[in-house]
Amino acid sequence: MVIRIVKNFFKRVFSNIFTGKKNLSLGFYGPPNAGKTSLANRICKDWTGEEIGRVSKIPHETRMIQFKEKVEIEYKGKKLTLKLVDTPGIATRIDYEDFLKFGMRKKEAQQRAKEATSGVIESIKWLEDMNAVVVVLDATENPYSQVNITIIGNLVARKIPVLIVANKVDLKKAEIKKIEAAFPEYEVVGISARYGTNMEEFYESLFKLAKKI
Amino acid sequence: MSTKDRKLTLSFIPYSDIEKLDSMKRVKKILDVVLKDRIVILQGRLEATEEASLIQSTMALVGRIKNFRGVELAVIQGKNEDNDFMSKVRIRMARALVGDRDALTIIGPAAVVKEIKKDPSKIDLMLKR
């Protein structure tokens, strides 16, 4: 029994040394509708075959923190075990009337707005529990929004490593260069979470990010 | 003023007014003005963590205060890229000593400000009719 425990201990220690295996909380942060859940779903589907949450064209579809534990990713012989934390989009304003444009009834829209405001508060609370964060931005939108700057500023203040993802590169309006110009100190990876475009480069950057922890 | 005209009030908060306040009081001072449907022009900027607290406090008020839907927020700051090394050091030291005063923070209630469009050199304030 003792021999088996010792053997398992050494196996665990040495396997971590040689494969670089880590177990870390990886947060997905960003404004609403940037594709945080789509990216988390893509990663989950790639490595576990399951999804983490529902996606929608209506903003604030994710209104509660969603998790996926023990997602094991392998890249060039190295392994990462991640706890994926998909967070509600951070916004400075939430107006239920915006949801009415999507054909929602008033009561339903008001309830969605109420849940969305709690979601924003939760997202910010969870920031300090992250080991690393992927900031997901919509590459078709202006990156100079104060929400983006505030999220990244908070990660810097907490010394949490950041990777910026420019999502929706499959769309004509996408401008990765604009995001790179807005955040020149960070690595920016352009992907399409919906179609799985450029995920190889994303995983490579993810392993680089894990090294900074 | 005709009945169709709509008044827009800008409230200027000099940095000296918030300098000695703790983070919670700073956020409260700003929100107190915003809740009067005024646009705040703050000299300087809040810390990143204070900006996050401002967003949290704002979200906590949405739905609790009638017709309050949140805020629009933007910070403009001059770029110091062309400065030499010593100038950059001086700027950083000054910020550490007296706070970040060479920025302007604009915070408007969402009921008044539809959107703040920002690019590095300008800010467009889109107002609600």
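You'll find the structure just up there.
Read on for a plain summary of the structure. As the structure is a computational prediction, the values presented were derived from the model and not from experiment. (Residues numbered from 1 in each chain as written. Chains lettered and ligands numbered in written order. Predicted model: local features only at pLDDT ≥ 70, side-chain atom pairs only at ≥ 80, totals over all residues.)

### Digging into the overall build of chain B
Scanning chain B for helices and strands turns up four helices and six strands. Considering chain B as a whole, with its 129 residues, one finds that 29% of them fall into the buried category. Pairs at least 24 residues apart make up 71% of the contacts formed inside chain B by residues separated by at least 6 positions. (Helix = DSSP H or I, 4+ residues; strand = E, 2+ residues; numbered from the N terminus. Buried ≥ 20, exposed ≤ 12 C-beta atoms within 10 Å, placed from the backbone. Contact = placed C-beta atoms within 7 Å.)

### Focus on the interface of chain B and chain A
Each partner contributes residues to the interface: chain B has 23 residues there, and chain A has 19 residues. Residue assignment for the side of chain B that touches chain A shows that the elements contributing at least two residues are α3 (48–61), β3 (71–77) and β5 (113–119) of chain B. Sort the elements by how many residues they give to the side of chain B that touches chain A and α3(B) lands first, with nine residues. Here the side of chain B that touches chain A is built from residues that sort into twelve nonpolar, five polar and six charged. (Nonpolar A, V, L, I, M, F, W, Y, C, P; charged D, E, K, R; others polar.)

### Overview of the nonpolar core
Generally speaking, a soluble globular protein has its nonpolar side chains buried in company with each other. Among the nonpolar cores identified, the biggest contains 78 residues, and A:L84, A:V133, A:V135, A:L137, A:I164, A:V165 and B:I30 are the most heavily contacted of them. When residues of this core are assigned to their parent elements, the largest contribution, six residues, is made by strand β4 (residues 132–138) of chain A. Each residue touching A:V133, except ones within four places of it in the same chain, is listed here: A:G27, A:Y29, A:L155, A:I160 and A:V162. (Core = buried A, V, L, I, M, F, W, Y, C linked by C-beta atoms within 7 Å.)

### Considering the sheet that holds strand β5 (residues 162–167) of chain A
All names here are of chain A. Across the sheet, which stays open at both edges, the six strands sit in the order β2-β3-β1-β4-β5-β6 with mixed pairing between neighbours. In the strand order of this sheet, the two ends are held by β2 (66–75) and β6 (188–190), each with one partner. Between one strand axis and the next, the sheet turns by 30° as a mean value, whatever way the strands run. Where β2 and strand β3 (residues 78–86) come together, eight bridges link them in antiparallel fashion. Its bridge partner being in β3, E72 is matched across the sheet by T81. (Pairing = 2+ DSSP bridges. Axes fitted to C-alpha atoms, helices over the stretch in contact; angles between N-to-C directions.)

### Focus: the pairing of strand β2 (residues 39–43) of chain B
Residue and element names in this part refer to chain B. Bridging between strand β1 (residues 10–13) and β2 involves four bridges; their strand directions are parallel. Looking at β2, one finds that S11 is bridged to V40. For β2 and strand β4 (residues 103–109), the ladder comprises four bridges, and the chain directions are antiparallel. From the neighbouring strand, Q43 faces β4, where its bridge partner is L104.

### Focus on helix α2 (residues 36–47) of chain A
One turn of an α-helix holds 3.6 residues; hence residues three or four places apart share an orientation. Residues and elements named next belong to chain A. For α2, which comprises twelve residues, the first-to-last C-alpha distance of 17 Å matches the rise-based estimate of 16 Å (1.5 Å per residue) to within 8%. When α2 is considered as a whole, its buried residues turn out to be K36, T37, S38, L39, A40, N41, R42, I43 and C44. Packed against the buried residues of α2 are β1 (23–29), β2, β3, β4, β5 and α7 (199–211). (Expected span 1.5 Å × (residues − 1).)

### A look at the environment of A:F183
Residues and elements named next belong to chain A. Among the structural elements, F183 can be located in the loop between α6 (176–182) and β6. On the basis of neighbour counts, which here come to 19 C-beta atoms within 10 Å, the residue F183 falls in the partly exposed class. Considering only alpha carbons, one finds F183 and I121, 62 residues apart in sequence, at a separation of 25 Å. With residues near it in sequence (within four places) discarded, F183 still touches I152, I164 and V188.

### Some details on the sheet that holds β4(B)
Residue and element names in this part refer to chain B. As summarised here, the arrangement of the four strands in space is β1-β2-β4-β3, forming an open sheet in which the pairing is mixed. The outermost strands of the open sheet, each flanked by one partner alone, are β1 and β3. Along the sheet, successive strands turn relative to each other by an average axial angle of 15°, direction set aside.

### Observations concerning unusual backbone geometry
Residue and element names in this part refer to chain A. We note that K70 has phi near 50°; this positive angle belongs to a residue other than glycine. Position of K70 among the secondary structure elements: in strand β2. Residue K70 is classed as exposed on the basis of its 11 C-beta neighbours within 10 Å. Even without a glycine there, the phi angle at K168 is positive, about 70°.

### So, the packing of helix α2 (residues 23–34) of chain B against α3(B)
Residue and element names in this part refer to chain B. Running from amino to carboxyl end, α2 crosses α3 at an angle of 50°, the nearest separation of the two axes being 10 Å. Classified by the angle their axes make, α2 and α3 are oblique. The chirality of how α2 crosses α3 is right-handed. Here S23, R26, V27, I30 and L31 of α2 come into contact with α3, specifically with E50, S53, L54, S57 and T58. When the residues that make up the contact of α2 with α3 are grouped by side-chain class, the tally is four nonpolar, four polar and two charged. (Parallel < 35°, antiparallel > 145°, perpendicular 65-115°, else oblique. Left-handed = near helix turned anticlockwise from the far one by under 90°.)

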